[in-house]
Amino acid sequence: MRETLVFASAVDPIEPWRAALEAELPDLAIRTPEEIGLEDDVRYALVWKPPMGFFARHPSLQLVTILGAGADALAGRDDLPAVPVTRLSDPEMARMMAQYVLFAVLRYARDIPAFEAAQRAGRWHYVHPREAREIRVGVLGLGELGGTAAQELARQGFTVSGWSRTPKDLPGIACHAGTEALIPFLRETEILVVMLPLTPQTRRLLGAAEIAALPAGAKLVNVSRGAVIDEPALVAALASGRLGGATLDVFETEPLPEGHALWGMESVLVTPHLASVAIPASAARQVAENIRRVRRGEAPEQQVDLARGY
């Protein structure tokens, strides 16, 4: 029998992960579910949204690692064994997320959608640029990824505030916390970046009233989970022009269904859940170290509480 890690993801190719993990742990076999044989002792799983019943096929599991920073994909599963579940915490993922957020905010700050529309119309259109410090950016969610993005925006000169469920203290960021602070925070936000994990408390946290609290013409960027926002309320605010635009990387249903109203809105940029992805060359080190810790009888790092959702 050989210690084995089962890799299951419909969107991540196995070969980069196999190469990176075998370089870290040469004695560990890396297999897809289809490759598992009688000689494999499946102790570890590296997964993204595996099918229901997946975990029941591997009763010797000692560690489950989620291929991403969010834990909601495994919440509510009844086939999960009572073993530690961890998420990826990779500086390269945080950097990639900050890059996407910076791109989206700069696109609005420099009025690029207006110039794109003018080009399609064959019209020369000038909008005088504003200084970054005049533009109020709000980051909803100041965890590992949100905090990194907020600080990068502040480094670029934007006036940045942040909101989280519990108090945070980040240099250069005006931090707000708690339910009562949410609406006042939104009222002062011209470009809202949504970076909250999806939990029972954050599901549809941004409804019609919260979106209406944003200044008229405000822009919204969502890189967390689609269900943090009430999608029909978002569509209505965009259709009325109350919300001036949205850059959306995540949706309640993914892939975004054919014929969905968001596809046809000129004020919306749709990307297919790629703001930040797991990078095998760097993240494999964390996965391997947690396997070493489990082998030594130690608790793995970056454990998640599936009941809380993070």
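Note that the structure is a prediction, hence the values are computed from the model and not measured. (Residues numbered from 1 in each chain as written. Predicted model: local features only at pLDDT ≥ 70, side-chain atom pairs only at ≥ 80, totals over all residues. Heavy atoms only, no water.)

Just to check I follow, could you spell out the pattern of salt bridges for this structure?
As a working rule, side chains carrying opposite charge can pair if their charged atoms are close by. All chains considered together, the criterion is met by 27 salt bridges. Between Arg 43 and Glu 3 there is a salt bridge whose closest N-O contact spans 3.3 Å. Separated by 40 residues along the polypeptide, Arg 43 in strand β3 (residues 40-48) and Glu 3 in strand β1 (residues 2-9) bring together distant segments of the chain. A salt bridge links Glu 152 to Arg 155; its shortest N-O distance comes to 2.9 Å. Of this pair, Glu 152 and Arg 155 both sit in helix α4 (residues 144-155), separated by three residues, roughly a single helical turn. Each of Glu 24, Glu 289, Arg 292, Arg 293, Arg 296, Glu 298 and Glu 301 takes part in one network of salt bridges that share partners. (Salt bridge = Lys/Arg side-chain N within 4 Å of Asp/Glu carboxyl O. Helix = DSSP H or I, 4+ residues; strand = E, 2+ residues; numbered from the N terminus.)

In this structure, what is going on with the UniProt feature "domain: D-isomer specific 2-hydroxyacid dehydrogenase NAD-binding" (unreviewed entry) in the protein chain? I would like to understand it.
In the numbering adopted here, UniProt assigns the feature "domain: D-isomer specific 2-hydroxyacid dehydrogenase NAD-binding" (unreviewed entry) to residues 104-275. As annotated, residues 104-275 has a helix share of 30% and a strand share of 19%, and its two end C-alpha atoms lie 10 Å apart. (UniProt positions renumbered as here; feature names shortened; annotations may be inferred.)

Is there a simple way to explain the sheet that holds strand β2 (residues 29-31) in this structure?
Backbone hydrogen bonds are what pair the strands of a sheet, in a parallel or an antiparallel way. Within the open sheet, the five strands sit side by side as β2-β1-β3-β4-β5. Their pairing is parallel. For this open sheet the edge positions go to β2 and β5 (85-87), each flanked by a neighbour on one side alone. Strand-to-strand twist in this sheet, taken as the mean axis angle between neighbours without regard to direction, amounts to 25°. As paired strands, β3 and strand β4 (residues 63-66) are joined by four bridges and run parallel to one another. (Pairing = 2+ DSSP bridges. Axes fitted to C-alpha atoms, helices over the stretch in contact; angles between N-to-C directions.)

Just to check I follow, could you spell out the sheet that holds strand β8 (residues 174-177) for this structure?
In spatial order, the strands read β8-β7-β6-β9-β10-β11-β12; together these seven strands make up an open sheet with parallel pairing. Bordering the open sheet on either side are β8 and β12 (268-270), each of which pairs with just one other strand. Taken over all neighbouring pairs, the strand axes of this sheet differ in orientation by 15° on average, direction set aside. Here strand β10 (residues 218-222) pairs with strand β11 (residues 243-248) via five bridges, running parallel. Directly across from Asn 222, in β11, lies its bridge partner Leu 248. Sitting on the sheet, α4 is in contact with β6 (136-140) and β7 (159-164), with an inclination near 170° to β6. (Contact = heavy atoms within 4.5 Å.)

What should I look at first to understand the domain arrangement of the protein chain in this one?
For interface size, the figure often reported is the accessible area lost on association. What the domain assignment lists for the protein chain is domain 1 (3-90 + 278-308) and domain 2 (91-270). Centre-to-centre, using C-alpha coordinates, domain 1 lies 32 Å away from domain 2. Here domain 1 and domain 2 share an interface that buries about 1,000 Å² over both sides, 55% of which is from carbon and sulfur atoms. Three residues, Asp 72, Asp 90 and Ile 279, lead the burial of domain 1 against domain 2; their summed loss comes to 50% of the area buried on that side. Here domain 1 and domain 2 share two salt bridges between them. For the pair domain 1 and domain 2, the number of links is six residue pairs in polar contact (both at pLDDT 80 or more). Counted by class, the side of domain 1 that touches domain 2 contains six nonpolar, four polar and four charged residues. (Domains from an automatic or database assignment. Buried area = accessible area lost by both parts, 1.4 Å probe. Polar contact = N/O pair within 3.5 Å; in protein donor to acceptor, adjacent residues only side chain to side chain. Nonpolar A, V, L, I, M, F, W, Y, C, P; charged D, E, K, R; others polar.)

Looking at this structure, how should I read helix α1 (residues 14-24)?
Given 3.6 residues per turn, any residue in an α-helix points the same way as the ones three and four places further on. Turning to α1, its buried residues number three or more, namely Ile 14, Trp 17, Arg 18, Ala 20 and Leu 21. In this structure, the buried residues of α1 make contact with β1, β2, β3 and α8 (280-295). (Buried < 20%, exposed > 50% of the residue type's maximum accessible area, 1.4 Å probe, protein only.)

For this particular structure, what's the right way to read the packing of α1 against α8?
A pair of packed helices is captured by two measures, namely the crossing angle of their axes and the spacing between those axes. Close contact between α1 and α8 brings their axes to 9 Å; oriented N to C, the two are set at 50°. Taken together, the axes of α1 and α8 lie oblique to each other. Crossing handedness for the pair α1 and α8: right-handed. Residues Pro 16, Trp 17, Ala 20, Leu 21 and Glu 24 of α1 lie in contact with α8, whose contacting residues are Pro 280, Ala 283, Ala 284, Arg 285, Val 287, Ala 288 and Arg 292. Partitioned by chemical class, the residues of the contact of α1 with α8 number nine nonpolar, no polar and three charged. (Parallel < 35°, antiparallel > 145°, perpendicular 65-115°, else oblique. Left-handed = near helix turned anticlockwise from the far one by under 90°.)

For this particular structure, what's the right way to read the environment of Met 1?
The residue Met 1 is located in the segment before β1 in this model. In this structure, the C-alpha to C-alpha distance between Met 1 and Pro 200, residues 199 residues apart in sequence, is 41 Å. Not counting residues up to four positions away in its chain, the partners in contact with Met 1 are Leu 38, Glu 39, Asp 40 and Asp 41.

Where do I start with the packing of helix α2 (residues 91-109) against α4 in this structure?
Direction vectors running N to C along α2 and α4 enclose 50°, while the axes themselves pass 9 Å from each other. When the interaxial angle is binned, α2 and α4 end up oblique. Crossing of α2 over α4 shows right-handed handedness. Each of Met 93, Ala 94, Met 97, Ala 98, Val 101, Leu 102 and Val 105 in α2 lies in contact with α4, whose residues at this interface are Leu 145, Thr 148, Ala 149, Glu 152 and Leu 153.

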